[in-house]
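For reference, the chains in residue letters:
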Amino acid sequence: MSTTQTLTRIHIPTPLRAYTNHEATVAVAGATVGEALANLVARYPELKRHLFDDEGRLRSFVNVYVRDEDIRYLEGDRTPLGAGDELSIVPSIAGG
Amino acid sequence: MELAHADLQTISLTEPLPGLLRRIGGTPLVRLTRLAGGLPETVAVYAKAEHLNPGGSVKDRAALAMIRAGLRSGALAGGKTLIDATSGNTGIAYAMIGAALGIPVTLAMPANASEERRKMLETYGAELILTDPMEGTDGAQRFVRARVARDPDRYFYPDQYNNNANWRAHFDGAGVEILDQTGGGVTHFVAGLGTTGTFTGVARRLKAFDPAIRCLSVQPDTPLHGIEGLKHMETALVPGIYDPALADAALTVETEEAYETTRRLAREEGLLVGVSSGANVAAALRVARSLEAGVVVTILCDAGTRYLSDSFWNPTR
Ligand SMILES: Cc1ncc(COP(=O)(O)O)c(C=O)c1O
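Residues numbered from 1 in each chain as written. Chains lettered and ligands numbered in written order. Predicted model: local features only at pLDDT ≥ 70, side-chain atom pairs only at ≥ 80, totals over all residues. Heavy atoms only, no water.

Let's shift gears to the sheet that holds strand β6 (residues 155–156) of chain B. Taking strand neighbours across the sheet as the criterion, the four strands line up as β5-β4-β3-β6 (chain B) in an open arrangement whose pairing is parallel. Where the open sheet ends on each side, the last strands, each with one partner, are β5 (127–131) and β6 of chain B. (Pairing = 2+ DSSP bridges. Helix = DSSP H or I, 4+ residues; strand = E, 2+ residues; numbered from the N terminus.)

What follows is the structure, encoded as structure tokens:
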């Protein structure tokens, strides 16, 4: 495992920006999706309960995309992150 | 286009509507038996089966009412294109009604809407504009506002979030029907908030009949949630037609509970409906369990067939 850390940009949906000081994107380290998300909630602890359940698993309705692909169809939170990969937390579709 | 124009004039001046559109509303009220098991015999839970509307959702009523209001006022004159933002269901209703009446329809919807929804809209012949998934329906609304501001004469923009015909459709529709179907016996009404049209219209009708009927609104418990169709008001663009004072209490439902109830509705009641229906029923059951006697009514908002590609049906992850 390399010691030079690539930073991954995580795109935060509008309803969660209240917990990221209104940042729309946050750059974090992490070799996998799971590590990147763990680093994200370590930086913004109030985000944690919105993304993870009590056992620390990603909540089932949280949609995470890497390179425009749903991680459910990749390797879940073990999906590796390469240089330049961006991660998006995509909200469900609200009313109307 | 000439033909479409002529159709519009006929429709604005004469009743009745074309056959398909006459099937909107008048939905069954079904008693939940197995999910409501364990309740005393004096407590009943009923669900208004709005997913049985021809377009598959409660939004058929609102879409038809807004289109008719537009025809009546002249805002929807021949040749204009109907445009609005949608999470899917209102769009499907507009597209279906538009096809039946010869009205061109353009819809803005977040790009992460399910494939079933996109295909349905395209199959009805609507033009689809996919907006930024990160901004949800709020982004779709902003897109439509900007487009209409640039080209106001081209469009009829019902703006479902701010159109009184939306809630009035339910005031005159489901509200009256629920009173009829329960013989005036309804004691509690429980429904989720999207545009808030359903809750606002039905609650106003029930309160006009008897102010003691308790009306309880339902929202997701968190800003990020999986209850498609419902809004977390605190973090969303609040619809102009929303009247927070109308609800006797505001209930919240966790997505996981909504998913579980949606699965149970399919497997134990034979009701294949969407996640917001699961949220409504979960909240209605909670209300029912707190009662010694009462008739609790809630809404099944849309058909489960438009969620079949979603992963929540099989709770593994
Ligand atoms: C699936 C679903 N459930 C519930 C609702 C909420 O209905 P209303 O907009 O009347 O509040 C909507 C609105 O689009 C919906 O699509």
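Following the structure, the description resumes.
Attention now goes to the interface of chain B and chain A. Listed by partner, the interface residues are 36 residues for chain B and 26 residues for chain A. Buried surface at the junction of chain B and chain A, summed over both partners, amounts to about 2500 Å²; 57% is from carbon and sulfur atoms. Taken together, the connections running from chain B to chain A amount to one salt bridge. In terms of residues, the side of chain B that touches chain A owes the most to one element, helix α10 (residues 255–269) of chain B, which gives three residues. Looking at side-chain class alone, the side of chain B that touches chain A contains eleven nonpolar, 17 polar and eight charged residues. (Contact = heavy atoms within 4.5 Å. Buried area = accessible area lost by both parts, 1.4 Å probe. Salt bridge = Lys/Arg side-chain N within 4 Å of Asp/Glu carboxyl O. Nonpolar A, V, L, I, M, F, W, Y, C, P; charged D, E, K, R; others polar.)

Below, the discussion takes up the layout of surface pockets. Put simply, the largest pocket is a space of about 1000 Å³. Looking at the largest pocket, it is lined by 38 residues, and the ones nearest its centre are N63, Y65, D70 and R72 of chain A together with D310 of chain B. The set of elements that each furnish at least two residues to the lining of the largest pocket consists of β3 (63–66), β4 (69–70) and β5 (86–90) of chain A together with α5 (115–123) and α10 of chain B. Examining the composition of the lining of the largest pocket, we find that three residues originate from one element, α10 of chain B, more than from any other. The residue inventory of the lining of the largest pocket, partitioned by class, reads 14 nonpolar, twelve polar and twelve charged. (1 Å grid on protein atoms, 1.4 Å probe; cavity = no way out; pocket = protein on both sides within 12 Å on 5 of 7 lines; lining within 4 Å. Points joined across faces, edges and corners; volume = space filled by probe spheres on them.)

The next point concerns empty space enclosed by the protein. Residues and elements named next belong to chain B. For the structure shown, the criterion picks out one cavity of 30 Å³ or more. When its volume is computed, the largest cavity comes out at roughly 250 Å³. Secondary-structure elements contributing two or more residues to the lining of the largest cavity are β7 (188–192), α9 (197–209) and α11 (275–289). A breakdown of the residues in the lining of the largest cavity according to their chemical character gives eight nonpolar, 13 polar and four charged. Looking at which domains feed residues into the lining of the largest cavity, each of domain 1 (2–58 + 165–313) and domain 2 (59–156) gives three or more. (Domains from an automatic or database assignment.)

In short, the description is geometric, and any link to function would need to be established separately.
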